[in-house]
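Residue-level structural notes
As a plain string of letters, each chain reads:
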Amino acid sequence: MVNGIEKEAGSQWTSLHDPCQLCSCQQGKVECETKSCDCDNGTNNNDVKCCPQCFPVTRCFQEETGRYYSNGESWQYNCQMCQCHKSEIDCLPVKCQQLTCKQITYDHTQCCPHCYHGNPCDMETSIKNIIIETAPCIYNESRYDSGQRWQLKDSDCIVCQCKNGNVCCAYDCMKSREVGQDTIKTKLP
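Note that this is a predicted model, so its numbers are computed, not measured.

1. Details of the state of the cysteines
Evaluated as defined, the whole model comprises 8 disulfides. The disulfide bridge from Cys82 ends at Cys91, spanning 2.1 Å between sulfur atoms. Measuring the twist about the S-S bond at about 110 degrees, one finds the Cys82-Cys91 disulfide to be right-handed. What makes Cys82 buried here is its relative accessible area of 1%.

Okay, structure coming up:
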């Protein structure tokens, strides 16, 4: 007798206390054992709670992005290539190609540095676009580090900046008093 119900010898039922237990009446005694999972039959006759291995997970959840990704799906996150693989997320750093150009810049919105092929005096040097290679400049026998700005001694209206070995100067009487915010446009030898 189980829970006030009489069971016949040899009969089987699912335990009321644990749905993963299969019970039977054997010689007047109740015997319970964990249900076996037959994943070869797919999900037929299997319960997802008792046989989770028969129900492959096809999605991953990434807390940082708040998104679900399908099994096998790849995406880029914080300069890492990530992939959903059997409910687990694997991430590896993005591989950047080796650059051989003279003007190498880094934009904080991209993961890898890139070549800048334009006039170095037109390149913005700010937090968004930083010159990685930092060759100094020599101008009028003075040495300036890359990124350094100065006002020419013989003119109140010319402000110069060293950009990776290139002296870039601009004429602007209004901005020469604000050396730190000048837009540089002319390259001097």
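2. Examining the nonpolar core
Core analysis: the biggest nonpolar cluster contains 9 residues, these being Cys137, Tyr139, Tyr144, Trp150, Leu152, Cys160, Cys162, Val167 and Cys169. When residues of this core are traced back to their parent elements, those giving at least two are β12 (137-139), β15 (158-163) and β16 (166-171). Within the second largest apolar cluster, 5 residues are counted, among which are Cys60, Trp75, Cys82 and Cys84.

3. Considering the pairing of β16
Where burial is concerned, most of β16 is hidden: 5 out of the 6 residues are buried. The sheet contact formed by β15 and β16 spans 6 bridges and is antiparallel. Residue Cys160 lies in a different strand from β16, and its bridge partner there is Cys169. Here β15 folds back onto β16 in antiparallel fashion, the turn holding 2 residues, of which Asn164 has a positive phi close to 50 degrees.

4. Here's the deal with the confidence of the model for the protein chain
For the protein chain, the average pLDDT comes to 77, and 76% of its residues sit at 70 or higher. Overall, residues 126-130 carries pLDDT values under 50, and its contacts beyond four positions in sequence, including any with other chains, amount to 11 contacts. In this model residues 176-187 is a low-confidence stretch, pLDDT under 50, and it forms 40 contacts with partners more than four residues away in sequence or in other chains.

5. Overview of the pattern of salt bridges
Throughout the structure, instances matching the rule amount to 1 salt bridge. Residue Asp145 is joined to Arg143 by a salt bridge in which the shortest nitrogen-to-oxygen separation is 2.7 Å. Here Asp145 falls in the partly exposed class, since its relative accessible area comes to 41%.

6. So, the sheet that holds strand β2 (residues 21-26)
Strand order in the open sheet formed by 3 strands is β1-β2-β3, with antiparallel pairing between adjacent strands. Each edge of the sheet is formed by a strand with only one pairing partner; in this case those strands are β1 (12-14) and β3 (29-34). Sheet twist, expressed as the average angle between the axes of neighbouring strands with direction ignored, equals 30 degrees. Bridge count for β2 against β3 is 6 bridges, and the pairing is antiparallel. Considered in β3, the bridge of Leu22 is made with Glu33.

7. Side note on the packing of aromatic side chains
According to the stated counting rule, one finds 4 aromatic pairs in the structure shown. Ring plane angle 50 degrees and centroid distance 4.8 Å describe the contact between Phe61 and Tyr68, whose orientation is recorded as tilted. Exposure remark for Tyr68: the relative accessible area of 47% places this residue in the partly exposed category. Relative to Trp75, the ring of Tyr69 lies with its centre 3.5 Å away and its plane at 5 degrees, an arrangement referred to as stacked. Of the two residues, Tyr69 and Trp75, neither departs from the other in class, the shared state being buried. Taken together, the ring pairs connect Tyr139, Tyr144 and Trp150 into an aromatic cluster. Taking the ring centre of Trp13 as reference, the NZ or CZ of Lys7 above it sits at 4.7 Å.

Basis of the calculations
- Residues numbered from 1 in each chain as written.
- Predicted model: local features only at pLDDT ≥ 70, side-chain atom pairs only at ≥ 80, totals over all residues.
- Heavy atoms only, no water.
- Disulfide = S-S within 2.5 Å.
- Buried < 20%, exposed > 50% of the residue type's maximum accessible area, 1.4 Å probe, protein only.
- Core = buried A, V, L, I, M, F, W, Y, C linked by side-chain atoms within 4.5 Å.
- Helix = DSSP H or I, 4+ residues; strand = E, 2+ residues; numbered from the N terminus.
- Pairing = 2+ DSSP bridges.
- pLDDT = per-residue confidence, 0-100.
- Contact = heavy atoms within 4.5 Å.
- Salt bridge = Lys/Arg side-chain N within 4 Å of Asp/Glu carboxyl O.
- Axes fitted to C-alpha atoms, helices over the stretch in contact; angles between N-to-C directions.
- Phe/Tyr/Trp six-rings, centres within 6.5 Å; stacked < 30°, edge-to-face > 60°.
- Lys NZ or Arg CZ within 6 Å of the ring centre and 35° of its normal.

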